[in-house]
Amino acid sequence: MKPGFSSLSQQLEAVHEKENALVVIGKSVPRIDGREKVTGSAVYAYDMELPRMLYGKIHRSRFPHAEIVKINKERALQVPGVRAVVTGGDVSDGLRGRGLLDTPILARGKVRYVGEPIAAVAAETLEAAEEACDLIEVEYRELPAVFDPEIAIEKDPGVIIHPDIGKYQRLKAQIYKAVSDPARPNITNYFKVRHGNIEEAFVRADLVVENRYSSHMVQHAHIEPIAVLARYETDSSFTIWTSGQNTYRTRRELSDALKVPETKIRVIALRHVGGGFGNKGAGHIEPIVASLAEKTRRPVKIALTRDEVFTATSVRHPSVVYVKDAVKRDGTILGRQIRLIYNGGAYSLAGNVAVGNSIHGMTSVYRLPALKADIYRVYTNQVQGGAFRGFGAPQIYFAIESQMDLIAEKLGMDPLEFRGKNLLHDGEKTAIGHRTTNSTLDECIDRVEEAVASKPLPKQDGKWRYGTGYAISKEQCDVSFPSTAYVRLIEDGSIEIWTAATDPGEGIHTVLSQIAAEEMQVPVEKVRMVLSDTGLTPVGTGASGSRQTSQMGMAVKLAAQDLKKKMIAVAERKLAIREEALSFSGGEIVVSTPSSGLERSLKYAEIFKPGPMGGAYVPEEGTLIGKAFWMPKTGELDPETGQSSTDRAVAYYTPVAQAARVAINVETGALKIAEFIGAVDVGKALNPLNVFGQNEGAIAMGLNGAINEEMVLVNGRVLNPDLKDYKLQSIMEYFPIKSIILENYNPDGPFGARGCGEAPISPVAPALANAVYDAIGIRFFDLPITPEKILLALKSRDKRKG
């Protein structure tokens, strides 16, 4: 079936679903993996072991930038139980990455950040591997390093981190496109947006507002550290068990790194993945583990420590954003100019995607007659920026939504009125040429405003000052992967789903089971998921970009419909009844003959015939499997202009509106969240409890990152690489969250659903910053907004007044 439906057929389907009560969809079905998790019986990659398995450890760089003069591994090899010690010269010289292939398996000739893998050990015990790792001797010649992205971006930065960048392979796929700037040697990706006449906009403006904003380095802090197991098979192929988020993407990265065909690599995702938030979307250690397995001809496992996750995987990109706005006196935005610099760290990983993603944050919400944007990702000598919930969007929304409040104040306008005046509406084109459809931001704003009005806060109460701040956003759902699904009928009448979907905690296995159960008219308990396995399950997206519910969900829905067609054909032959008289209900094919008033049924299991030596089969068919493919067609963005090749740049956008309500102690700087209100239009809440969890989880994650969390680096070294010194919110710091879930039918999702896992994180930080300003009249342009910063700002203001 071709991607997309006509608007009429979508409307008819929507009407049909309203008229026919849904049995499973829209219900808070318990997680299908919930019992295993709450009883402690769930097995993660970190727990897994294989027969004859060796334990691996990695020796890492102590310098942010240095030449490797010599590596001595003799003492390490003498440790009892050590079976292999490998360095960059012992493994494939293939490079990997997403968009830009720049990352070696182990450092070759040079290290570019503290924590970069230099050598790896495989031993009979973890203790032997650790001892051997410590005995590896590396002689360095230290080189100058650069950490400031605004220095690294210069034409003559003093330090060139990848002198061979011009020789690196670049992927052509749109979402992974990486464009260099030969004049600036440390740029990993550079996109522009050129729309309208920005010079004329500033000439015509009654008001010009220009500011600089910055965001900091944040770690994903997923509960389960990264763990990988690898086995080298007798046919020279590899089998990999991973805690990752995307099996097919991991397979591709392994193929690039190992220089072996993808078909010689099998990647298996475990049923349970202990969080990821983007960090487990990249193959951080899979090529190292595979190389050790090939060297020793035995299975090898590497499980990273928390320290290694912090210092040697990926982080949320720190950023610097310059925003300059041209505005008329009546509040009309005439034009916007943006210069955005992402601090990419030492390698690209998936980080180049952030550049393209930020364009949607700049263009999807507001009407911009003119826009000039330059978006850069630059190399520095620190741990690399990678995918992180929202992936590039929270940084740009912090700048834009803070700026919107600043402009409104200068104009003497209400901040929501100012936003409403410039909102894009259905039918209008964005600054990149995407035609706005199904936008409900105004409704989201109204619902949040109503919730705020229903519960007034005092302006002050003793030493506490109260404030409310608003922010809005849209999260794009782009199309980077096809979604393919098989839905199979089992002989006992149950249903089996085969997809590449992975579940790092958001509940996608439950949601896909609900979709199949609804279509097939069976209880969720009669649906089973076949885990993502490149040797078994068809190609598809994993947990990335909030795509699984909408895109893989559509594939599962269509595959179930395909299976029903095949079942009807079998039932026609078996019952000698025409298709028109057959329908599905309660795990049965129901035969209805109105003329006779008789009704009979065929249970799903009765389609099968027992096999002579066991098992069962479907006469003339063998087995019944429904198949479907889903990949909406979208345009490509021109890196020179940002313009989309069609008027559909993404599959859809998910709108969000939020209000932060804060209390600040003017004597201590203490910051409390009195209430946080978040509205998100999910199209259709397939599992309402899941949706509430995603909305509130994203809000909590965004607030913690805006207030408490910050990775502290000195000369490229992370000073707080553990959960003792890296401050995460605990249950003791709980704050009330009011979730407002809107359901406006989305034609590009199953039963009208949109993805919502990432969308709510984007406007959190600016809503907080705007609330802090409303409370104490101090504007913060740099994240995080800690109590210490608030107290210093209050004292500084008091000193100036004095």
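What counts and what doesn't
- Residues numbered from 1 in each chain as written.
- Predicted model: local features only at pLDDT ≥ 70, side-chain atom pairs only at ≥ 80, totals over all residues.
- Heavy atoms only, no water.
- Helix = DSSP H or I, 4+ residues; strand = E, 2+ residues; numbered from the N terminus.
- Polar contact = N/O pair within 3.5 Å; in protein donor to acceptor, adjacent residues only side chain to side chain.
- Contact = heavy atoms within 4.5 Å.
- pLDDT = per-residue confidence, 0-100.
- Pairing = 2+ DSSP bridges.
- Axes fitted to C-alpha atoms, helices over the stretch in contact; angles between N-to-C directions.
- Patch = residues over 30% accessible without salt bridge, like charges linked within 9 Å, V, L, I, M, F, W, Y side chains within 5 Å.
- Areas by Shrake-Rupley, 256 points an atom, 1.4 Å probe, with all protein chains shown as cover.
- Salt bridge = Lys/Arg side-chain N within 4 Å of Asp/Glu carboxyl O.
- Lys, Arg positive; Asp, Glu negative; His and termini not counted.
- Charge placed at Lys NZ, Arg CZ, Asp CG, Glu CD.
- Buried < 20%, exposed > 50% of the residue type's maximum accessible area, 1.4 Å probe, protein only.
- Arc of directions from axis to C-beta.
- Disulfide = S-S within 2.5 Å.
- Phe/Tyr/Trp six-rings, centres within 6.5 Å; stacked < 30°, edge-to-face > 60°.
- Lys NZ or Arg CZ within 6 Å of the ring centre and 35° of its normal.
- Core = buried A, V, L, I, M, F, W, Y, C linked by side-chain atoms within 4.5 Å.

### Side note on the side chain of Glu 758
Step number 1: Relative to the assigned elements, Glu 758 resides in the loop between β33 (737-742) and α17 (764-776).
Step number 2: A distance of 2.8 Å separates a polar side-chain atom of Glu 758 from the backbone nitrogen of Gly 390.
Step number 3: The contact partners of Glu 758, leaving out residues within four places of it in the chain, are Phe 388, Arg 389, Gly 390, Phe 391, Glu 475, Gly 545 and Ser 546.

### Topic: the confidence of the model for the chain
Step number 1: Averaged over the chain, the pLDDT score is 94; the fraction of residues at 70 or greater is 96%.
Step number 2: When the criterion is pLDDT under 50, residues 1-12 qualifies, and its contacts beyond four places in sequence or with other chains add up to 12 contacts.

### With respect to the sheet that holds strand β1 (residues 54-60)
Step number 1: Pairing is mixed in the open sheet, where 7 strands are placed in the order β3-β7-β1-β14-β11-β12-β13. Edge positions in the open sheet fall to β3 (82-87) and β13 (265-269), since each of these has one partner strand only. Neighbour-to-neighbour, the strand axes of the sheet open up by a mean angle of 20°, direction not taken into account.
Step number 2: As paired strands, strand β11 (residues 227-232) and strand β12 (residues 238-242) are joined by 5 bridges and run antiparallel to one another. Across the sheet, residue Leu 229 finds its bridge partner in β12, namely Trp 241.
Step number 3: The strands touched by helix α7 (residues 247-258) within the sheet are β12 and β13, with β13 carrying the most contacts at an inclination of about 145°.
Step number 4: Against the sheet, helix α8 (residues 286-296) engages β1, β3, β7 (117-123), β11, β12 and β14 (300-303), with an angle of about 35° to β11.

### Observations concerning a negative patch on the surface
Step number 1: On the surface, Asp 414, Glu 417, Asp 426, Asp 442, Glu 443, Asp 446, Glu 449 and Glu 450 cluster together into a patch of negative charge.
Step number 2: The partly exposed category is assigned to Glu 443, whose relative accessible area is 33%.

### Re unusual backbone geometry
Step number 1: Here the residue pair Leu 783 and Pro 784 is connected by a cis peptide bond, since its omega of 0° sits within 30 degrees of zero.
Step number 2: Along the chain, Pro 784 falls in the loop between α17 and α18 (787-801).
Step number 3: At Asn 715, a residue that is not glycine, the phi angle is positive and equals roughly 55°.
Step number 4: Residue position: Asn 715 is located in the loop between β31 (713-714) and β32 (717-718).
Step number 5: The class of Asn 715 is exposed, set by a relative accessible area of 56%.

### Side note on the sheet that holds strand β20 (residues 483-489)
Step number 1: Spatially, the 4 strands line up as an open sheet ordered β22-β21-β20-β28, and their pairing is mixed. The outermost strands of the open sheet, each flanked by one partner alone, are β22 (527-530) and β28 (625-630). Pairs of neighbouring strands in the sheet enclose a mean axial angle of 20°, with direction left out of account.
Step number 2: Looking at chain direction, strand β21 (residues 495-498) and β22 are connected through 4 bridges and run parallel. Across the sheet, residue Glu 496 finds its bridge partner in β22, namely Arg 528.
Step number 3: Relative to the sheet, helix α14 (residues 508-520) contacts β21 and β22, its axis offset from that of β22 by approximately 135°.
Step number 4: Relative to β28, helix α15 (residues 548-575) is tilted by about 145°, and along the sheet it contacts β20, β21 and β28.

### Description of helix α4 (residues 126-135)
Step number 1: Every buried residue belonging to α4 is among Ala 128, Ala 129, Ala 132, Cys 133 and Leu 135, and all of these are buried. Considered in projection along α4, the buried side chains sweep an arc of 160° and stay on one side of the axis. Opposite the packed face of α4, turned more than 90 degrees from it, sit the exposed residues Glu 127 and Asp 134.
Step number 2: On its buried side, α4 packs onto β1, β2 (66-72), α3 (74-77), β3, β7 and β8 (137-142).

### Some words on the state of the cysteines
Step number 1: Enumeration according to the criterion identifies 0 disulfides in this entry.
Step number 2: The thiol of Cys 756 is unpaired, and the distance to the nearest cysteine sulfur, on Cys 477, comes to 11 Å.
Step number 3: A relative accessible area of 10% means that Cys 756 is categorised as buried.

### Here's the deal with the packing of aromatic side chains
Step number 1: Applying the stated criterion across every chain yields a total of 8 aromatic pairs.
Step number 2: Residues Tyr 113 and Tyr 347 carry aromatic rings whose centres are separated by 6.3 Å and whose planes lie at 75° to one another, so their mutual orientation is edge-to-face. Linking Tyr 113 in the loop between β6 (110-111) and β7 with Tyr 347 in the loop between β16 (333-345) and α10 (353-363), this pair joins segments that are 234 residues apart in sequence.
Step number 3: Aromatic pair Phe 310 and Tyr 726: ring centres 5.0 Å apart, planes at 75°, arrangement edge-to-face. One end of the pair, Phe 310, is in helix α9 (residues 306-312); the other, Tyr 726, is in the loop between β32 and β33, and 416 residues separate them in sequence. Residue Phe 310 shares its accessibility class with Tyr 726, and that shared class is buried.
Step number 4: In this structure an aromatic cluster arises from ring pairing among Tyr 213, Phe 398 and Phe 781.
Step number 5: Between the NZ or CZ atom of Lys 627 and the centre of the ring of Tyr 486, over which it lies, the distance is 5.6 Å.

### Overview of the nonpolar core
Step number 1: In this structure, Ile 338, Ile 375, Phe 418, Phe 676, Leu 703 and Leu 768 are the most contacted members of the largest nonpolar core, which totals 89 residues.
Step number 2: Among the elements that line this core, the one with the most residues is helix α11 (residues 393-411), at 11 residues.
Step number 3: If we ignore the near neighbours within four places in the chain, the residues touching Ile 375 are Asn 189, Tyr 190, Phe 191, Val 193, Leu 340, Tyr 342, Val 355, Ser 358, Ile 359 and Met 362.
Step number 4: In this structure, Ile 508, Val 524, Ala 581 and Leu 624 belong to the second largest nonpolar core, which totals 51 residues.

### Some remarks on a nonpolar patch on the surface
Step number 1: A cluster of nonpolar residues, Val 712, Val 714 and Leu 719, forms a patch on the protein surface that exposes about 240 Å² of accessible area.
Step number 2: Mapped onto the elements, Val 714 comes out in strand β31.

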